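In case you want the letters, here they are:
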Amino acid sequence: MLTDGVALTDHHCHGIVAGDLDRPGFERLLGEGQCGSFDSAIGLAVRRWCAPVLDLEPHAEPERYLARRAELGWRAAATRLLHASGTTRWFLDTGFGGDRAEFAALAPGEVREIVRLEQVAEQVITEVSTATMPFEDIETTLRSRARNAVGLKTIVAYRYGLNFPITDTLPSTIIHELRLTDPATLGWLVGLGARIGAEFGLPLQFHTGFGDTDQRLQQADPLLLTDFLHFTAGSGLSVMLLHCWPFHRNAAYLAHAFHHVHLDLGLTIPYVGHRAEAVLAEALELAPFRSMLYSSDGYGLPELHYLGALLWRRGLGRLLDEWIADDAITLPDAEGLVIAIARGNAVRTYPPSVPAARRRQ
């Protein structure tokens with residue numbers, strides 16, 4: 001396959017659970033809600049593709065797989081799976097289950113940080129008195145964190161929805177919440193992230209599409225960002241739409257319509273398992289090839305980081321084999337498309353290790 005052996009940049013992922021897991025604990029991490037299970041497409045994928053990495057036969061039974069994982073120990077199993085992914089750069093969302101140094105001790109290659117806006121704001125709010133209006137402190141802290149980051153991320157889709165108010169002005173007050181849900185504050189925070197992202201050359205990632213039961217899926221349709229995308233067009237900001245399913249065709253339209261919009265399929269790929277080729281084909285119907293990036297969105301289980309890579313390779317490789325057979329694409333163009341999605345688009349849109357903009361500060 002054209003995708004075999006291609007080095008990947010995982011532009012959005014999380015850390016893993018540092019410890020051995022029993023079956024209920026493992027299965028909980030196989031789902032976005034409360035019903036993760038081996039009895040699913042992703043469960044089949046673990047048994048088929050992860051088992052050989054741990055020296056088991058393909059399709060090993062769940063109890064045999066978990067026993068071998070425990071025999072190796074979580075650290076050795078994680079090291080095998082992360083190295084087997086073929087990923088050489090990892091952009092880690094440290095706002096949820098992510099310690100960069102801990103992950104870097106297990107994963108090959110470069111590990112850089114994605115800063116989550118809501119985590120920064122909530123941390124600042126907990127450190128000030130309820131009589132304080134901490135907007136300046138939030139901005140100062142976010143700018144400080146951004147100087148060592150490769151990107152920013154918001155989970156406003158979880159906290160309110162992607163139809164948040166768009167504003168450049170400070171709210172008249174701030175609600176001192178341990179978990180921000182106030183729409184005026186969230187709108188200001190996303191606007192702040194957009195300004196800092198444009199200034200520092202850091203893409204702003206948005207969770208879109210499916211997630212756990214903490215969100216309402218109908219509020220995570222990326223089409224709800226259309227006004228925000230008009231507002232930020234020409235600002236220098238790159239917008240990254242993460243995950244996207246079942247709205248991946250909507251996200252592809254936005255990338256088609258707005259030059260500063262990019263998308264990935266993230267955790268969609270391992271969750272749909274053998275159907276990865278079909279979902280990739282649907283996203284690439286309309287999305288410009290320059291706009292698509294690879295990510296695993298792996299969290300908790302290193303199996304998810306590995307399956308994200310392996311099933312992306314298989315899905316895209318099989319799709320391009322079909323296009324080549326139908327004379328829809330030349331071999332050189334197909335090779336270029338693979339490199340672009342695998343890492344080239346990330347190299348172009350994310351800052352290098354020492355961005356020039358930050359050296360001038």
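Bear in mind the structure is a predicted one, so any value in this text is a computation, not a measurement.

(A) How the structure looks around the overall build of the protein. Looking only at helices and strands, the protein has 16 helices and seven strands in total. For the protein, the spread of C-alpha atoms along the three principal axes comes to 60 × 50 × 40 Å. Taken across its 361 residues, the protein has 56% of its residues classed as buried. The long-range share in the protein, meaning contacts at least 24 apart out of those at least 6 apart in sequence, stands at 72%. On the protein, roughly 14,500 Å² of surface is accessible, and the fraction owed to carbon and sulfur atoms is 52%.

(B) Spotlight on helix α6 (residues 117-127). Every buried residue of α6 is listed here: L117, E118, V120, A121, E122, V124 and I125. Where α6 is buried, its residues contact β3 (110-116), α7 (135-146), β4 (151-154), α8 (156-159), α9 (183-200) and β5 (204-208).

(C) Structural detail: the environment of Y350. Here Y350 lies in the loop between α15 (331-349) and α16 (356-359). Looking at Y350, the relative accessible area reads 3%, which means it is buried. The spatial distance from the C-alpha of Y350 to the C-alpha of P58 is 37 Å, given a sequence separation of 292 residues. Reaching out from Y350, the side chain makes a polar contact with the side chain of Q205 at a distance of 2.9 Å.

(D) Fine view of the packing of aromatic side chains. With the rule as written, the count across this model stands at 13 aromatic pairs. Ring geometry for F164 against F206: centres 6.3 Å apart, planes inclined by 10 degrees, an arrangement best described as stacked. Taken as a pair, F164 in the loop between α8 and α9 and F206 in strand β5 lie far apart in primary sequence, 42 residues in all. The same class applies to F164 as to F206, namely buried. With a centroid separation of 6.0 Å and 85 degrees between ring planes, the pair formed by F210 and W245 is classed as edge-to-face.

Basis of the calculations
- Residues numbered from 1 in each chain as written.
- Predicted model: local features only at pLDDT ≥ 70, side-chain atom pairs only at ≥ 80, totals over all residues.
- Heavy atoms only, no water.
- Helix = DSSP H or I, 4+ residues; strand = E, 2+ residues; numbered from the N terminus.
- Buried < 20%, exposed > 50% of the residue type's maximum accessible area, 1.4 Å probe, protein only.
- Contact = heavy atoms within 4.5 Å.
- Areas by Shrake-Rupley, 256 points an atom, 1.4 Å probe, with all protein chains shown as cover.
- Polar contact = N/O pair within 3.5 Å; in protein donor to acceptor, adjacent residues only side chain to side chain.
- Phe/Tyr/Trp six-rings, centres within 6.5 Å; stacked < 30°, edge-to-face > 60°.

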